[in-house]
Amino acid sequence: MADQTLSKRAVLTGSGAYLPAQILTNEDMAKRVDTSDEWIVERTGIRQRHFAAPHETAAYMGAEAGRQAMEKAGLAPESLGAIIVATSTPDQAFPATAVRIQALLGATKAFGFDLAAACSGFIYGLSVADAMLRAGQVKSVLVIGTEVFSRLLNFEDRTTCVLFGDGAGAVLLEARDVAQDGPGLLSTHLYADGSLGDILYVDCGTDENRKPGYLVMHGREVFRHAVNLLAGAVNDALAENNLTAADIDLLVPHQANKRIIDGVGKKLGLPPERVVVTVHKHANTSAASIPLALADAIQEGRAAPGRLLLLEALGGGLTWGSALLRL
Ligand code: UT7
């Protein structure tokens, strides 16, 4: 007989997405820098990206995605407990983008804060929300990834400016008492290696020597670390839950490069139909990429109730992590 003991879990009750209307194809990029559709598609899988208009800030886009997630869950804004925003492109140093979003949503009883873990920010955000929900601190948390990376791009550096895009994705997590085989976050695993900080960074802040600048990435170096570190994070998630890759219904990876996504999928032995790919249409939207991919898979019916999802990401820091989520 199945174990009917109930335990408190963070259950996904709604998701949302926002993409700016402006789309730039690879041909559009080739008008600005010395590149080609062929190079970009072959090396990354990217075919287009969305770029934000001036009013489409991280807070604006995050609020739009967050509002959708709450509407799908049927949760009124004034009932929301907390907002966690993963972003490297906040509207301001402070107030936090999460607090700007709180005002835009009318979530008057929610507290909120931003979390900086670059492309891994959404996984980090899930992990913090999970802990808050299971501890009983709040009953609901909106976790949002929202980025305007177009504002960080150096259009004199073809090795980086073709890779990124803008957008926002959100999930609403609510504390529920569920059976062992019920829905919710089963685990999160977070990692960091600050000794690799200089292979992917953006200068910004109060250091006299590091005035605000553009995104800098030593892509080959990041690539070299990505597949192995991600495979490690994924294997830790499976081992902790006594699962094998065969149990995973859908891999929802960070969308940086199709070759990295394929590499992890291959290591796990997952067929392409069990891997969510949106990098061709969104490019790399950093902390927004996983919730955007997730919203896409939910919309298409691929991520349906009962399915077991494995999320993974790696980015500046380096930071990386994984999350196992049953819908
Ligand atoms: O989300 C955060 C984590 N980030 C990532 O996971 C990104 C990881 N890295 C990557 O995805 C890949 O390393 C890149 C897509 C950034 C680059 O692909 P690559 O296969 O590692 O290319 P490469 O840097 O080794 O460059 C190969 C060649 C170079 O020419 P030479 O030196 O071989 O003559 C580059 O100058 O491609 C050239 N190149 C370009 N050519 C046309 C670099 N960028 C471009 C471009 N268009 N945009």
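Residues numbered from 1 in each chain as written. Predicted model: local features only at pLDDT ≥ 70, side-chain atom pairs only at ≥ 80, totals over all residues. Heavy atoms only, no water.

### Quick word on the pattern of salt bridges
Right, on to step 1. For the coordinates displayed, the defined rule picks out twelve salt bridges.
Right, on to step 2. Here Asp34 makes a salt bridge to Arg158, at a shortest N to O gap of 3.6 Å. Pair noted here: Asp34 is in the loop between helix 1 (26-32) and helix 2 (37-44) and Arg158 is in helix 6 (residues 158-161), with a separation of 124 residues, a long-range link.
Right, on to step 3. Looking at Asp34, the relative accessible area reads 60%, which means it is exposed. (Salt bridge = Lys/Arg side-chain N within 4 Å of Asp/Glu carboxyl O. Helix = DSSP H or I, 4+ residues; strand = E, 2+ residues; numbered from the N terminus. Buried < 20%, exposed > 50% of the residue type's maximum accessible area, 1.4 Å probe, protein only.)

### A short note on the domain arrangement of the protein chain
Right, on to step 1. Split into domains, the protein chain comes out as domain 1 (7-178) and domain 2 (184-326).
Right, on to step 2. Using C-alpha coordinates to define each centre, domain 1 is positioned 14 Å away from domain 2.
Right, on to step 3. Contacts between the two partners involve 49 residues from domain 1 and, on the opposite side, 45 residues from domain 2.
Right, on to step 4. Looking at the side of domain 1 facing domain 2, the largest losses of area belong to Cys119, Ile123 and Tyr124, adding up to 18% of the total buried there.
Right, on to step 5. Viewed at the interface, domain 2 and domain 1 are joined by zero salt bridges.
Right, on to step 6. At the junction of domain 1 with domain 2, the criterion picks out 18 residue pairs in polar contact (both at pLDDT 80 or more).
Right, on to step 7. Elements that contribute at least two residues to the side of domain 1 that touches domain 2 include exactly strand 1 (6-18), helix 2, strand 3 (48-50), helix 5 (121-134), strand 6 (140-148) and strand 7 (166-179).
Right, on to step 8. Per-element accounting of the side of domain 1 that touches domain 2 gives the leading share, eight residues, to strand 1.
Right, on to step 9. In terms of residue class, the side of domain 1 that touches domain 2 is built from 24 nonpolar, 17 polar and eight charged. (Domains from an automatic or database assignment. Contact = heavy atoms within 4.5 Å. Buried area = accessible area lost by both parts, 1.4 Å probe. Polar contact = N/O pair within 3.5 Å; in protein donor to acceptor, adjacent residues only side chain to side chain. Nonpolar A, V, L, I, M, F, W, Y, C, P; charged D, E, K, R; others polar.)

### Structural notes on the packing of helix 3 (residues 58-73) against helix 4 (residues 97-105)
Right, on to step 1. Where helix 3 meets helix 4, the axes come as close as 9 Å, and the angle between the chain directions of the two elements is 55°. One finds that helix 3 runs oblique with respect to helix 4. For the crossing formed where helix 3 meets helix 4, the hand is right-handed. From helix 3, Ala58, Ala59, Tyr60, Gly62, Ala63, Gly66, Arg67 and Met70 reach across to helix 4, where they touch Thr97, Arg100, Ile101, Leu104 and Leu105. (Axes fitted to C-alpha atoms, helices over the stretch in contact; angles between N-to-C directions. Parallel < 35°, antiparallel > 145°, perpendicular 65-115°, else oblique. Left-handed = near helix turned anticlockwise from the far one by under 90°.)

### Details of the nonpolar core
Right, on to step 1. Among the nonpolar cores identified, the biggest contains 44 residues, and Leu268 and Leu310 are the most heavily contacted of them.
Right, on to step 2. The set of elements that each furnish at least two residues to this core consists of strand 10 (215-217), helix 7 (219-240), helix 8 (258-268), strand 12 (308-315) and strand 13 (319-326).
Right, on to step 3. Ranked by residues supplied to this core, first place goes to helix 7 with eight residues.
Right, on to step 4. Both domain 1 (7-178) and domain 2 (184-326) contribute no fewer than three residues apiece to this core.
Right, on to step 5. Look past the residues within four positions of Leu310 in its chain and what remains in contact with it is Val234, Ala237, Leu238, Ile248, Leu250, Leu251, Val252, Leu268, Ala323 and Leu324.
Right, on to step 6. Ile84, Leu115, Val171 and Ala323 belong to the second-largest nonpolar core, a separate cluster that totals 33 residues. (Core = buried A, V, L, I, M, F, W, Y, C linked by side-chain atoms within 4.5 Å.)

### So, the site of the ligand
Right, on to step 1. Thr35, Arg43, Arg220, Asn257 and Asn284 are the nearest of the 23 residues found near the ligand.
Right, on to step 2. Contact between the ligand and Arg43: an oxygen atom at 2.6 Å from a side-chain N or O atom of the residue.
Right, on to step 3. Between the ligand and Arg158, the relevant distance is 2.8 Å, taken from a nitrogen atom to a main-chain nitrogen or oxygen of the residue.
Right, on to step 4. For the ligand, the protein covers 77% of the area, taking 960 Å² as the surface of the free molecule.
Right, on to step 5. For the shell around the ligand, the secondary-structure elements that each account for two or more residues are helix 2, helix 6, helix 7 and helix 8.
Right, on to step 6. For the shell around the ligand, the element with the most residues is helix 7, which contributes four residues.
Right, on to step 7. Residue composition of the shell around the ligand, by class: eleven nonpolar, seven polar and five charged.
Right, on to step 8. Inspection of the shell around the ligand shows a minimum of three residues originating in each of domain 1 (7-178) and domain 2 (184-326). (Near = heavy atom within 4 Å. Areas by Shrake-Rupley, 256 points an atom, 1.4 Å probe, with all protein chains shown as cover.)

### Overview of the packing of aromatic side chains
Right, on to step 1. Evaluation of the coordinates by the stated rule reveals four aromatic pairs.
Right, on to step 2. An angle of 75° between the planes, with centres 6.3 Å apart, marks the rings of Phe51 and Phe155 as edge-to-face. With Phe51 in the loop between strand 3 and helix 3 and Phe155 in the loop between strand 6 and helix 6, this pair connects stretches of sequence that are 104 residues apart.
Right, on to step 3. On the basis of relative accessible area, Phe155 is assigned to the partly exposed category, the value being 22%.
Right, on to step 4. Summarising the aromatic geometry, the rings of Tyr191 and Trp320 are spaced 5.6 Å apart at their centres and angled 10° between planes, so their arrangement reads as stacked. (Phe/Tyr/Trp six-rings, centres within 6.5 Å; stacked < 30°, edge-to-face > 60°.)

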